[in-house]
Amino acid sequence: MEFGSALQKRWKKRCPPKITADEIENRTNGLRDHLETNQLDAIVLYSRGDLNFDLMRYFSGYVPVFPRIESLFVFSTYPPSTLLISHKWEQSAADQLSWVESVSYFTQDTLRQDLEQVFADLQIDRSDSIELIGTDVPWKYYKTLEQILSSGSVDINTEFWAETVVAPSDYGKKMIERTADVADAGILAAVQSCESGITE
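Residues numbered from 1 in each chain as written. Predicted model: local features only at pLDDT ≥ 70, side-chain atom pairs only at ≥ 80, totals over all residues. Heavy atoms only, no water.

Engineer: Which parts of the structure should I look at to understand the layout of surface pockets?
Structural biologist: Gaps left between atoms show up when a probe the size of a water molecule is rolled over them. Size it by volume and the second largest pocket reaches roughly 280 Å³. As for the second largest pocket, its lining consists of 19 residues, of which Thr 28, Arg 32, Phe 75, Ser 81 and Glu 101 are closest to the centre. Contributing elements (two or more residues each) for the lining of the second largest pocket: α2 (21–37) and β2 (70–76). In terms of residues, the lining of the second largest pocket owes the most to one element, α2, which gives 7 residues. Here the lining of the second largest pocket is composed, by residue class, of 11 nonpolar, 4 polar and 4 charged. (1 Å grid on protein atoms, 1.4 Å probe; cavity = no way out; pocket = protein on both sides within 12 Å on 5 of 7 lines; lining within 4 Å. Points joined across faces, edges and corners; volume = space filled by probe spheres on them. Helix = DSSP H or I, 4+ residues; strand = E, 2+ residues; numbered from the N terminus. Nonpolar A, V, L, I, M, F, W, Y, C, P; charged D, E, K, R; others polar.)

And the structure:
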């Protein structure tokens, strides 16, 4: 019973706040605008549990359970957008957390084949232009994408997240205000608890 309760607490902790359908559409439109503005056929977001997780959570809703889990979010002008997880046992949880249409998994041994299948489903051609988004993305992912798009182009964008959070949506502003209120309440409670003889 205690084990089950611990798992429930852990699950609730990893679940991001529920967002509105309008906000999901707003974030998706942001990706579409980025494709159009930069004349791209697709983008691939990279995340590891302890790296670029805010980026992945913001655009897909997915939050990994362990730091070493890697994920790739492939978005193009054609549906369905696809979330790939590096561990098969994590696929079910990712499917529940994410609002992405298609969730699957990949292995390091079949990375190229798995990406080629996703690209085929999204009508991404070998001559297309894509952008790999994220900081400290392992070289193997860039190299694999470059091999698949043999007559196209692959660019790396490390500034996308910073550019995104600079201009928050109305929903984002409300969440920022809500977070600030919680922080202010915590500081106030700490200050009110301070008395002579009471340690920090």
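Engineer: Where do I start with the side chain of His 34 in this structure?
Structural biologist: Examined against the element boundaries, His 34 turns out to sit in helix α2. For His 34, a relative accessible area of 10% translates into the label buried. In terms of polar contacts, His 34 uses its side chain to reach the side chain of Glu 131, at 2.5 Å. (Buried < 20%, exposed > 50% of the residue type's maximum accessible area, 1.4 Å probe, protein only. Polar contact = N/O pair within 3.5 Å; in protein donor to acceptor, adjacent residues only side chain to side chain.)

Engineer: When you look at the packing of helix α5 (residues 111–121) against helix α6 (residues 139–148) in this model, what are you seeing that I'm missing?
Structural biologist: The relative placement of two packed helices comes down to the angle between their axes together with the axis-to-axis distance. α6 packs onto α5 with a crossing angle of 55 degrees between their chain directions and a minimal axis gap of 10 Å. Judged by the angle between their axes, α5 and α6 are oblique. Considering how the two elements wind past one another, α5 and α6 form a crossing that is right-handed. Where α5 approaches α6, its residues Leu 111, Arg 112, Leu 115, Glu 116 and Phe 119 are matched on the opposing element by Tyr 141, Thr 144, Leu 145, Gln 147 and Ile 148. (Axes fitted to C-alpha atoms, helices over the stretch in contact; angles between N-to-C directions. Parallel < 35°, antiparallel > 145°, perpendicular 65-115°, else oblique. Left-handed = near helix turned anticlockwise from the far one by under 90°. Contact = heavy atoms within 4.5 Å.)

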